[in-house]
Amino acid sequence: MTRRVIVAANWKMNGDSALVDSMISGLSDMESSNVEVIICPSFPYLSDLNQKIKAADLDNIIQVGSQTVSKFVGGAHTGEVSTTMLNDLSIKYVIVGHSERRSVYNETSEQVASKVHAVLDAGLNPILCIGETEAERADGKIESVLLSQIQPVIDEIGIERFSDVVISYEPVWAIGTGKAASSAMAQETHYFIRQLIAKQSKQVAANISLLYGGSVNAANCEELFAQPDIDGGLVGGASLQAEQFKIICSAA
Ligand code: PEP
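Residues numbered from 1 in each chain as written. Predicted model: local features only at pLDDT ≥ 70, side-chain atom pairs only at ≥ 80, totals over all residues.

Attention shifts here to the overall build of the protein chain. In terms of helices and strands, the protein chain carries 11 helices and eight strands. What you see for the protein chain is a C-alpha radius of gyration of 17 Å, in line with the 18 Å of a compact globule of 252 residues. Structurally, the protein chain occupies a C-alpha span of about 45 × 45 × 35 Å along its principal axes. (Helix = DSSP H or I, 4+ residues; strand = E, 2+ residues; numbered from the N terminus. Rg over C-alpha atoms; globule rule 2.2 N^0.38 Å.)

Listed below in structure tokens is the structure:
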């Protein structure tokens, strides 16, 4: 797969039917561009959002994604949602390994790797989140932490298939804090990630899409997205307001 420019909205556990409706009307004048726009609401709203996007003729511009998925395809897994179910709802993207899943729900990098595998096997597009905490950055461990999050996925699926993965670099200290990484800092880390992948395949490194996430907003998006190794963003808080989200999408 070739390098794509993507802006994905992560609504987290926010929103309701009213937000689905207001987002559809707020984004109704969005025009088609080279940017893939994805909205990831909570599970209960996936189908409603997807159907309303189609009804509003926005399905060639906006796609729907889920915020996580089970690594299992079905059976006795109470509370889980499978890739088969997402396919049934025509959902195309899945966020995997968000730092909140890792820190609050103890998802390990090996479990994240199994989920990425399940997502790819189902023909869906994984958005793999990686990123270091503030303490890890202060201790000079950024590179070893990112490698420990990426390598289990490459080991699980193989380097060739890794180009079908979208990576979102999200420094944990920047998520939901209002303290985005500076564009220089984000570029430096994205460059490092691309070089790290290039050691295993130059072609995959050149083609993989690397998004930045962590307090992206209408004021900082342009500078972040102008960096050569940043191919768009994963946006939390600012994606809950259609006007701000539109500005972010058009800056990508
Ligand atoms: C996120 O949820 O992935 C995120 C980056 O959130 P925020 O934009 O609010 O920091």
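On to the site of the ligand. In the region of the ligand, 15 residues are neighbours, and N10, I175, G213, G236 and G237 sit closest. Looking at the shell around the ligand, its residues break down into five nonpolar, eight polar and two charged. (Near = placed C-beta within 6 Å. Nonpolar A, V, L, I, M, F, W, Y, C, P; charged D, E, K, R; others polar.)

Turning next to the UniProt feature "binding site: substrate" (unreviewed entry) in the protein chain. In this numbering, the UniProt entry assigns the feature "binding site: substrate" (unreviewed entry) to N10, W11, K12, G176, S215, G236 and G237. In three dimensions, the annotated residues from a span of 228 residues occupy one location, with a maximal C-alpha spread of 13.7 Å. Along the chain, the position of W11 falls in the loop between β1 (5-10) and α1 (17-26). The class for W11 is buried, based on 21 C-beta atoms found within 10 Å. If sequence neighbours within four positions are ignored, W11 has contacts with C40, P41, S42, S239 and L240. Relative to the assigned elements, G236 resides in the loop between β8 (232-235) and α11 (242-251). Accessibility expressed as a C-beta count within 10 Å gives 22 for G236, which makes it buried. Not counting residues within four places of it along the chain, the set of residues in contact with G236 comprises N10, K12, I175 and G176. (UniProt positions renumbered as here; feature names shortened; annotations may be inferred. Buried ≥ 20, exposed ≤ 12 C-beta atoms within 10 Å, placed from the backbone. Contact = placed C-beta atoms within 7 Å.)

Quick look at the UniProt feature "active site" (unreviewed entry) in the protein chain now. UniProt records the feature "active site" (unreviewed entry) for H98 and E170 in the present numbering. These annotated residues cover 73 residues of sequence, and their C-alpha atoms lie no more than 8.5 Å from one another, placing them together at a single site. Within the secondary structure layout, H98 lies in the loop between β4 (93-96) and α4 (99-104). Setting aside anything within four residues of it in sequence, one finds H98 in contact with Q67 and C129. Turning to its location among the elements, E170 is positioned in the loop between β6 (166-169) and α8 (183-198).

At a minimum axis separation of 8 Å, helix α5 (residues 109-121) and helix α7 (residues 142-157) run at an interaxial angle of 45°. Our classification of the angle between α5 and α7 gives oblique. When you trace α5 past α7, the crossing you get is right-handed. Along the contact surface, α5 presents S109, E110, V112, A113, S114, V116, H117 and L120, while α7 presents S148, Q149, P152, V153, E156 and I157. Of the residues in the contact of α5 with α7, the class split is seven nonpolar, five polar and two charged. (Axes fitted to C-alpha atoms, helices over the stretch in contact; angles between N-to-C directions. Parallel < 35°, antiparallel > 145°, perpendicular 65-115°, else oblique. Left-handed = near helix turned anticlockwise from the far one by under 90°.)

Next up on the list: the pairing of strand β5 (residues 125-130). In terms of residue burial, β5 counts as a mostly covered element, since six of its six residues are buried. Going residue by residue along β5, you find N125, I127 and C129 tucked away on one face and P126, L128 and I130 tucked away on the opposite face as well. Pairing geometry for β4 and β5, over four bridges, is parallel. In the strand pairing of β5, I95 is matched with I127. Here four bridges tie β5 to β6, and the two strands are oriented parallel to one another. Within β6, the residue paired with I127 across the bridge is V166. (Pairing = 2+ DSSP bridges.)

The next point concerns the environment of R4. Note on placement: R4 falls in the segment before β1. Measuring from C-alpha to C-alpha, the distance between R4 and Q227 comes to 14 Å, with 223 residues separating the pair along the chain. Look past the residues within four positions of R4 in its chain and what remains in contact with it is E36, S209 and D231.

Moving on, we get to the packing of α7 against α8. Contact geometry of α7 with α8 gives a least axis separation of 11 Å together with a crossing angle of 50°. It follows from the interaxial angle that α7 and α8 lie oblique. Taken as a pair, α7 and α8 cross one another with a handedness that is right-handed. Seen from α7, the contacting residues are I142, E143, L146, L147 and I150; seen from α8, they are T189, F192, I193 and L196. A breakdown of the residues in the contact of α7 with α8 according to their chemical character gives seven nonpolar, one polar and one charged.

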